[in-house]
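Working through the structure, step by step
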Amino acid sequence: YVEADIYKSLPHQLSYTLGVGPAARIDGVIPYVRLAFQRTWANSSWEIGALALSDNPYPQGMIKGSPDDLFKTAR
């Protein structure tokens, strides 16, 4: 089968209405695609496939381009 989705942020008020609280903000959309082949026989089944997700994983409050993956130690 083939699955394709586009994820985006919930509107601020809707996230509170659903009981989630403040939703993480996504800049634009995040595309997702999954391709899979499944076989079932008797009481067993298997699946082989691939997926792709295009995201910009910067935590909320981080500045893009900052050295957020480096640790500084005191000397």
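Procedures and definitions
Residues numbered from 1 in each chain as written. Predicted model: local features only at pLDDT ≥ 70, side-chain atom pairs only at ≥ 80, totals over all residues. Heavy atoms only, no water. Helix = DSSP H or I, 4+ residues; strand = E, 2+ residues; numbered from the N terminus. Buried < 20%, exposed > 50% of the residue type's maximum accessible area, 1.4 Å probe, protein only. Contact = heavy atoms within 4.5 Å. Areas by Shrake-Rupley, 256 points an atom, 1.4 Å probe, with all protein chains shown as cover. Pairing = 2+ DSSP bridges. Axes fitted to C-alpha atoms, helices over the stretch in contact; angles between N-to-C directions.

A closer look at the overall build of the chain
Along the backbone of the chain there are 1 helix and 3 strands. The order of α-helices and β-strands along the chain, N terminus first, is β-α-β-β. By residue count, 9% of the 75 residues in the chain fall in the buried class. Across the chain, contacts joining residues at least 24 apart in sequence account for 29% of those joining residues at least 6 apart. Summed over all atoms, the accessible surface of the chain reaches about 6,900 Å², with 58% contributed by carbon and sulfur.

Things to note about the pairing of strand 3 (residues 44-53)
The buried fraction of strand 3 amounts to 0 of the 10 residues, a small share that puts the element mostly on the outside. In this sheet, strand 3 lies alongside strand 2 (residues 30-41) in antiparallel orientation, the contact comprising 10 bridges. Counterpart to Phe-37 in the pairing with strand 3 is Ile-48.

Some details on the pairing of strand 2
Bridging between strand 1 (residues 2-7) and strand 2 involves 6 bridges; their strand directions are antiparallel. Its bridge partner lying in strand 2, Ala-4 is registered against Val-33.

Topic: the sheet that holds strand 3
The strand order across the open sheet formed by 3 strands is 1-2-3, and the pairing between neighbours is antiparallel. A single partner strand is all that each edge strand has here, and the edge strands are strand 1 and strand 3. The mean angle between the axes of side-by-side strands here comes to 20°, regardless of whether they run parallel or antiparallel.

As for the environment of His-12
Turning to its location among the elements, His-12 is positioned in helix 1 (residues 12-17). On the accessibility criterion, His-12 (47% relative accessible area) is partly exposed. Taking the C-alpha atoms as reference points, His-12 and Arg-25, separated by 13 residues in sequence, lie 9.0 Å from one another.

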